[in-house]
Amino acid sequence: MFLQRFISGAALALSMLPAAAMANDLAPGWSLDGGASNIRFQSVKNETVVESSSFASFEGSIAEDGAVDLRVILESVDTKIDLRNVRMRFLFFETFKYPEAQVTAQVTPEMLEGLETSRRKTVTMPFSLDLHGIKKTLLADVAVTLLSDNRVSVASTAPVSIAVADFGLTENIAKLEEAAGGISIIPSATVTFDFLFDRNGTGTAVAGAAQPTTGSAALETTGNFDAEACLGRFEILSNTGNIYFRPGSAQLDAESVPLLTEVVDIVSRCPDLRIELAGHTDSKGSEAANQRLSERRAGSVLRYLTERGIAANRLTAKGYGEAQPVASNDTAQGMSRNRRIEFLVVQ
């Protein structure tokens with residue numbers, strides 16, 4: 001009996017060795033050095049033009065048990081052009097509803113095996129990406145390089161392809177294409193990354209301190225916008241399609257609040273401009289009824305803004321009914337696009 005217990009206990013101990021070794025390698029946890037790390041994504045427009053963008057703010061950690069957590073602040077998207085960043089925030093990522101993307105993964109003992117000796121190892125790592133309210137499992141080929149006992153590099157060895165359709169972003173690509181003057185955008189992107197992690201308590205890791213590249217316009221400025229920035233932002237807000245009403249009603253739906261909160265901020269930071277809130281409908285119903293509905297909906301948005309501090313003399317509400325469609329009323333998608341509120345600068 002004693003021998004059986006001894007053998008059983010020894011087998012259990014041996015089975016725990018890889019996990020114990022990993023805990024020793026990862027203790028007491030690691031933090032991302034944001035200032036020395038980067039995430040980039042590449043997109044293709046008009047079939048041949050490749051554009052590279054990045055994010056200016058993200059944070060990450062590797063727990064003692066190997067759990068990886070990375071959070072990317074989507075509002076920090078950096079295309080190096082202010083209004084293009086704003087289009088990415090409002091029209092593509094919809095950061096007013098989905099402010100961050102999250103990546104989770106698990107470091108296993110097999111991934112670390114032999115690293116202390118070889119100092120560099122290439123592994124395939126499954127990871128979960130939570131983007132735009134949808135979570136998918138993907139694979140990344142990464143090179144893990146042990147720079148010192150307390151600093152490690154984790155970098156992609158091949159781009160990770162992400163299809164926009166997998167994350168419910170197909171319509172958002174269409175919004176970008178229209179807002180950018182009718183260009184075509186391939187509905188997928190490739191992502192590369194180069195992360196440096198420091199063992200907790202030993203390095204200089206600063207979470208969320210990624211540095212924008214030279215000429216970056218990623219981080220939103222404080223204070224008032226200039227005239228060009230205001231005009232561009234109002235045009236982009238008009239194309240979001242994220243102001244919702246109850247069917248056949250002028251009552252704002254609660255789902256409109258995230259975008260309207262951003263509208264309040266932008267209008268308040270363009271204090272010299274007067275804004276027309278233009279209501280539009282689809283063609284369902286009579287022309288007269290649609291005219292009245294568009295006027296009432298524009299008025300509802302006006303009341304929302306004034307109740308939150310925007311001076312009433314800076315705003316006018318006007319309804320255009322079904323007279324100015326931006327898409328065909330023959331499809332549900334087209335009708336949805338025609339039901340909109342636009343923000344027009346009054347000269």
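Coordinates for the structure precede this section.
Residues numbered from 1 in each chain as written. Predicted model: local features only at pLDDT ≥ 70, side-chain atom pairs only at ≥ 80, totals over all residues. Heavy atoms only, no water.

Attention shifts here to the packing of helix 2 (residues 82-93) against helix 5 (residues 170-179). The interhelical angle for the contact between helix 2 and helix 5, taken along N-to-C directions, is 140 degrees, at an axis separation of 8 Å. Judged by the inter-axis angle, helix 2 sits oblique to helix 5. Contact residues: helix 2 offers R87, M88, L91 and F92, while helix 5 offers N172, I173, K175, L176 and A179. (Axes fitted to C-alpha atoms, helices over the stretch in contact; angles between N-to-C directions. Helix = DSSP H or I, 4+ residues; strand = E, 2+ residues; numbered from the N terminus. Parallel < 35°, antiparallel > 145°, perpendicular 65-115°, else oblique. Contact = heavy atoms within 4.5 Å.)

Now for the nonpolar core. If you look at the biggest cluster of nonpolar residues, it comprises 79 residues, and the most contacted ones within it are F55, L129, F234, V301, L305 and F343. The element that contributes the greatest number of residues to this core is helix 2, accounting for seven residues. Apart from the residues within four sequence positions on either side, V301 is in contact with I243, F245, L252, L260, L277, I341 and F343. (Core = buried A, V, L, I, M, F, W, Y, C linked by side-chain atoms within 4.5 Å. Buried < 20%, exposed > 50% of the residue type's maximum accessible area, 1.4 Å probe, protein only.)

This paragraph deals with the state of the cysteines. Tallying each qualifying case throughout the model produces one disulfide. With its sulfur 2.0 Å from that of its partner, C230 forms a disulfide with C270. Between C230 and C270, the disulfide has an S-S torsion of -105 degrees and is therefore left-handed. Placement of C230 in helix 6 (residues 227-238) and of C270 in the loop between helix 7 (257-268) and strand 13 (274-280) is noted, with a sequence separation of 40 residues between them. Looking at C230, the relative accessible area reads 2%, which means it is buried. For C270, a relative accessible area of 1% gives the class buried. (Disulfide = S-S within 2.5 Å.)

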